[in-house]
Amino acid sequence: MNVDLLYETLSQIPLEDLNFWQSLFTKFYRAWFLEDRWLKYFEGLLTTIEVTVIALIIGVVLGVLVAMARVAHDQRRPGTHNPVLSAVNFVCKIYVTVIRGTPMMVQLMIMGFVIFASSRNFTLVGALGLGINSGAYVSEIIRGGLMSLDPGQSEAGRSLGLSYIQTMRFIVIPQAFKAILPSLGNEFIVLLKDTSLISVIAGKEIVYAARSIGAKTYEYMFPYVITAIMYLIMVMAFSYLQSILERRLRESDRR
Amino acid sequence: MIDVKGLKKAFGDHVVLKDITEHIYPGEKVVVIGPSGSGKSTFLRCLNLLETPTAGTITFKGTDITDPKSDINKYRQKMGMVFQHFNLFPHMTILRNLTLAPTQVLGKKKDEAEAKAMELLGRVGLADRAGSYPNQLSGGQKQRVAIVRALCMEPEVMLFDEPTSALDPEMVGEVLDVMKQLAKDGMTMVVVTHEMGFAKEVGDRVLFMEDGIIMEQNTPTEFFDHPQTERAQSFLAKVL
């Protein structure tokens, strides 16, 4: 039996008079099929992915730069003083403190309603806000990874005549990357899910789509359950990719 | 070759090296011994500036390397270092461990660096392990690879920081054999060690360090048979 026809028939009857399964079906039909609403979720999904990717790039670039500046400052040769590095380190510290010390949603609202109040491109403003937020956390993860490595590793590199940059590139960063991959993956999952917050500044992602469908049908269960399932599938797919990468990087641990 | 003048090193308030003036001649094998905490390792690490001296100068073949303007990387290329804990790069194969610095720092071609690495690896009996990762080797094998890694840079001096202290007793011999061979080939060596037998057999000069100073120095025979200071006598009584 055709679903459209079934809905046609059931919608003639008042909702109270339908049995449990019939009312469930009617609600689902309204949340998904009616007026091609499923397209709305996928449009929202596309925006979610777009925002995640933009925020991810901003976050990683910012995170790497901030972590490098801070580690370079902490590991400079004792007795030497570099005023530029000290200034950069100070700015980085303030950035990390402010971002980690305030709620994500407040940051987004300040971005959307204060700093970029005149902008209509809510999605991009949201992505920028998320990227700046993520950068602070990523920088701390990377800094932790760089600091956790046995100092003997960089000593060995330097003792062979490699420069600081070369030691970082060939010895420290590849090992640190392997060590931080789980926490980095975790941060990316948090970022992906936090994109839902940009709906508060009118970014048109999945939650925004679900909420507007709910507002039309006065029925929120299916829109939000569908949203939850979409996030879950994305996160599971990402976790799977991450586990493949981790397995490949473990090659040198073979004994 | 290496001239150390008035070397001092303090970590905060803790003074490790008080005032060291010493000269290391080309081809010489200097063995540094002393109780733990006496500053032997710090002295060695100061020689290639892994520790920055608090005061004093170190001159290598006429260049003051403690001058902040001097290029430490250039200087370190000429000075190989072997660590107590090997410090091989665990994410690279043995061969890559050996060729990384020659290709990146000396600008050698990959096959040229590999040929050299394989030749040296063969000399320590580990040519068949070129494709392994460090974690797949035993401690003695790791340390032999670490020595080869330093040698691949064709250094003029080799520094050894307690190279056998982290090894199982049965693996000490294989590492010492490599070092003895190196000494025979005429390498200038500075060795911090607790292996008194090695000091006697290979050393040209023994430096006895205690409390941040070089308390006594002599030829191995003289030092071990007739230690001058009371501190050296009680130290030798305990270790021999």
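Remember, it's a predicted structure, so these values are computed and weren't measured experimentally. (Residues numbered from 1 in each chain as written. Chains lettered and ligands numbered in written order. Predicted model: local features only at pLDDT ≥ 70, side-chain atom pairs only at ≥ 80, totals over all residues. Heavy atoms only, no water.)

Trainee: Please give an account of the overall build of chain B that cites residues and values.
Mentor: Assigned secondary structure in chain B consists of 9 helices and 10 strands. Taken over C-alpha atoms, the radius of gyration comes to 18 Å for chain B, in line with the 18 Å a tight globule of 240 residues would show. The principal-axis extent of the C-alpha atoms belonging to chain B is close to 55 × 45 × 30 Å. Of all intrachain contacts in chain B linking residues separated by at least 6 positions in sequence, the fraction that spans at least 24 positions is 66%. As presented, chain B carries roughly 9900 Å² of accessible surface, and 48% of it is formed by carbon and sulfur atoms. (Helix = DSSP H or I, 4+ residues; strand = E, 2+ residues; numbered from the N terminus. Rg over C-alpha atoms; globule rule 2.2 N^0.38 Å. Contact = heavy atoms within 4.5 Å. Areas by Shrake-Rupley, 256 points an atom, 1.4 Å probe, with all protein chains shown as cover.)

Trainee: Account for the confidence of the model for chain B, naming residues and giving values.
Mentor: In this model, chain B carries an average pLDDT of 93, and 100% of its residues clear a pLDDT of 70 or more. Here the prediction assigns the complex a pTM of 0.81, and the interface score ipTM is 0.90. (pLDDT = per-residue confidence, 0-100.)

Trainee: So what about the sheet that holds strand β2 (residues 14-24) of chain B? Which residues, and what values?
Mentor: Residues and elements named next belong to chain B. What the 4 strands build is an open sheet, ordered β2-β1-β4-β5; its pairing is antiparallel. Two strands in the sheet have a free side with no partner beyond their single neighbour: β2 and β5 (63-64). Pairing analysis gives 7 bridges linking strand β1 (residues 2-11) to β2, with the strands arranged antiparallel. Within β2, the position partnered with Asp3 by the bridge is His23. (Pairing = 2+ DSSP bridges.)

Trainee: Before we move on, could you go through the nonpolar core and cite the residues and values that matter?
Mentor: Generally speaking, nonpolar side chains in soluble globular proteins are found buried as a group. Residue and element names in this part refer to chain B. In this structure, Ile2, Phe43 and Leu47 are the most contacted members of the largest nonpolar core, which totals 41 residues. Those residues in contact with Leu47 that sit more than four places away from it in its chain are Ile2, Val4, Ile24, Ile58, Ile65, Tyr75, Met79, Leu159 and Val190. In terms of nonpolar packing, the next biggest core, distinct from the first, is built from 36 residues, Phe86, Leu137, Ile147 and Met179 among them. (Core = buried A, V, L, I, M, F, W, Y, C linked by side-chain atoms within 4.5 Å. Buried < 20%, exposed > 50% of the residue type's maximum accessible area, 1.4 Å probe, protein only.)

Trainee: Can you break down the pairing of strand β4 (residues 55-60) of chain B residue by residue, with the values?
Mentor: Residues and elements named next belong to chain B. Examined bridge by bridge, β1 and β4 share 5 bridges and lie antiparallel to one another. Each residue of the ladder has a partner; that of Lys8, found in β4, is Ala55. As paired strands, β4 and β5 are joined by 2 bridges and run antiparallel to one another. Bridging across to β5, Phe60 finds its partner in Thr63. Linking two consecutive strands that pair antiparallel, namely β4 and β5, is a turn of 2 residues; a positive phi of about 45° is found at Lys61 within it.

Trainee: For helix α4 (residues 110-123) of chain B, give the residues involved together with the corresponding values.
Mentor: Residues and elements named next belong to chain B. Given a rise of 1.5 Å per residue, 14 residues ought to cover 20 Å, and the 20 Å separating the end C-alpha atoms of α4 matches this to within 8%. Residues Ala113, Ala117, Leu120 and Leu121 constitute the buried set of α4. One side of α4 holds all its buried residues, which, seen down the axis, span an arc of 100°. Facing away from the buried side of α4 by more than 90 degrees, the exposed set consists of Asp111 and Arg123. Buried positions along α4 lie against α3 (94-104) and α5 (139-151). (Expected span 1.5 Å × (residues − 1). Arc of directions from axis to C-beta.)

Trainee: Give a description of the pattern of salt bridges that names residues and reports values.
Mentor: Residue and element names in this part refer to chain B. Across all of its chains, the model carries 20 salt bridges over all chains by this definition. Residue Glu22 is joined to Arg205 by a salt bridge in which the shortest nitrogen-to-oxygen separation is 2.7 Å. Here Glu22, found in strand β2, pairs with Arg205, found in strand β9 (residues 205-210); they are 183 residues apart in sequence, far enough to count as distant. Across the salt bridge formed by Glu119 and Arg123, the nearest N and O atoms sit 2.6 Å from each other. With Glu119 and Arg123 both in helix α4, this residue pair falls 4 residues apart, about one helical turn. On the accessibility criterion, Glu119 (44% relative accessible area) is partly exposed. (Salt bridge = Lys/Arg side-chain N within 4 Å of Asp/Glu carboxyl O.)

Trainee: Got a sec to walk through the sheet that holds β9(B)? Specific residues and values, please.
Mentor: All names here are of chain B. Across the sheet, 6 strands lie side by side as β6-β7-β8-β3-β9-β10; this open sheet has mixed pairing. Each of the sheet's edge strands pairs with one partner strand only, and the pair in question is β6 (79-82) and β10 (213-218). Averaged over all pairs of adjacent strands, the angle between strand axes in this sheet comes to 20°, irrespective of strand direction. As paired strands, strand β3 (residues 29-33) and strand β8 (residues 188-192) are joined by 4 bridges and run parallel to one another. By the bridge assignment, Val32 is partnered in β8 with Val192. Packed onto the sheet, helix α1 (residues 40-47) meets β3, β6, β7 (157-161), β8 and β9 and runs at close to 150° relative to β7. Packing against the sheet, helix α9 (residues 230-239) makes contact with β3, β9 and β10, and its axis sits at approximately 100° to β9. (Axes fitted to C-alpha atoms, helices over the stretch in contact; angles between N-to-C directions.)

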